Amino acid sequence: MNSLKGIFPALLTPFSIDGNINERSLRELLRMNLEKGADGFYVGGSTSEAFLMSMEERKRVMDIVCDEVSDRCAVIAHIGCIGTAQAIEMAKYAKSLGMDAMSSVPPFYYHFSFEQICQYYFDIVNAVDLPMVIYNFPDFSGVVLNSDNIDVFLRDPRFIGIKHTSSDFYSMERFRKARRDLLIYNGYDEMFMSGLAAGADGAIGSTFNVMAEKFVKIMSLFKKGMHTEAMAEQERANNIIQALVRVGVFAGEKAILTHLGIDFGVPRKPFTPLSEKECNDLIRVYEENR
Ligand code: MN9
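Given the structure is predicted, the values throughout are model-derived calculations rather than measurements.

(A) Expanded view of helix α2 (residues 55–69). Its 15 residues place the ends of α2 21 Å apart at the C-alpha level, agreeing with the 21 Å of an ideal helix rising 1.5 Å per residue. Every buried residue of α2 is listed here: Glu57, Arg58, Lys59, Val61, Met62, Ile64, Val65, Cys66, Glu68 and Val69. Check the buried side of α2 and you find it contacts α1 (23–35), β2 (40–43), β3 (74–78) and α3 (84–96).

So this is what it looks like as structure tokens:
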């Protein structure tokens, strides 16, 4: 099995002018990121605009990614949907493609109870034999998973990991304490150093699409104990992230990739593309901090 540790870009989805998935650009993105040292890919998560795509489109992205890279690195499929039945359908598809693991945000919008959320996850792992990486993203999902309520998952070995997009690093440290073998992925790229200090094995991030090499470097410097140098690299990455957050992360990353020569188009509505000025300002910051 491919190693699930390390730097995993949370893949963007390129859409062409007609609004369809741009297969060629997606393949180019995968190849570029492998060359930059990415250890694997997270497919179909928030960054992919999964919730603005049909189930068929999400499966199509999985097809393309597996065809391009699954013999070379690990691939984790985000199969999350609001409904359990749809999530299971996506998970079965990921399994049929031989993907290494599945992942899901908690079901959102309807303010499901914690018991209902647990049932969602257990229904999926009971139905599909693929290891699960829980995707904890309280700012977007509205559901908080922390050291007080995570036990129910940590006790079950089918839950192999957590993607922790939260600045609750105390909980991250407690997850590590509770399960030494748990795969912990840092989620907020701008806090990667803090995540490493709290015990993360790696990271899954949106901004890695445009600068995976920086995060590969931060992790390797950190492991060697070169914390000052790692922090200097984090600072350069954060200059870019700050500029991305200002204009919208997905639209901004797409503009950078187009600047790098991979036609990435714009995000789906209701997301909006960058103005010309926003684009120029962003590219300037990107070039200054490369
Ligand atoms: O989960 C990502 N979240 C989203 C991870 O894209 C919504 C992060 O990679 C952030 O985009 C990034 C910038 O805040 O840390």
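(B) Expanded view of the nonpolar core. Ranked by size, the top nonpolar core spans 89 residues in total, and within it Phe41 and Ile79 carry the most contacts. By residue number, the principal contributor to this core is helix α9 (residues 208–223), which donates 9 residues. Ignoring any residue separated from it by four or fewer positions in sequence, one finds Ile79 in contact with Arg58, Met62, Ala87, Met90, Ala91, Ala94, Met102, Ser103, Ser104 and Ile124. Phe8, Val133, Tyr135 and Leu183 belong to the second largest nonpolar core, which has 17 residues in total.

(C) Expanded view of the site of the ligand. Around the ligand sit 15 residues, and of these Lys163, Thr165, Asp189, Glu190 and Ser206 come closest. Between the ligand and Asp189 there is a distance of 2.9 Å, counted from an oxygen atom to a backbone nitrogen or oxygen. Relative to its unbound accessible area of 380 Å², the ligand is 93% covered by the protein chains. Residue composition of the shell around the ligand, grouped by class: 7 nonpolar, 5 polar and 3 charged.

(D) Structural context of unusual backbone geometry. Lys269 connects to Pro270 through a cis peptide bond whose omega is 5 degrees. Structurally, Pro270 is set in the loop between α11 (249–259) and α12 (276–289). Positive phi is not limited to glycine here, since Glu49 has a value of about 65 degrees. With respect to the helices, strands and loops of the structure, Glu49 is situated in the loop between β2 and α2. Judged by relative accessible area, Glu49 falls into the buried class, the value being 2%. Phi at Tyr109 is positive, roughly 75 degrees, even though this residue is not glycine. Mapping Tyr109 onto the fold places it in the loop between β4 (101–104) and α4 (114–127).

Calculation criteria
Residues numbered from 1 in each chain as written. Predicted model: local features only at pLDDT ≥ 70, side-chain atom pairs only at ≥ 80, totals over all residues. Heavy atoms only, no water. Helix = DSSP H or I, 4+ residues; strand = E, 2+ residues; numbered from the N terminus. Expected span 1.5 Å × (residues − 1). Buried < 20%, exposed > 50% of the residue type's maximum accessible area, 1.4 Å probe, protein only. Contact = heavy atoms within 4.5 Å. Core = buried A, V, L, I, M, F, W, Y, C linked by side-chain atoms within 4.5 Å. Near = heavy atom within 4 Å. Polar contact = N/O pair within 3.5 Å; in protein donor to acceptor, adjacent residues only side chain to side chain. Areas by Shrake-Rupley, 256 points an atom, 1.4 Å probe, with all protein chains shown as cover. Nonpolar A, V, L, I, M, F, W, Y, C, P; charged D, E, K, R; others polar.

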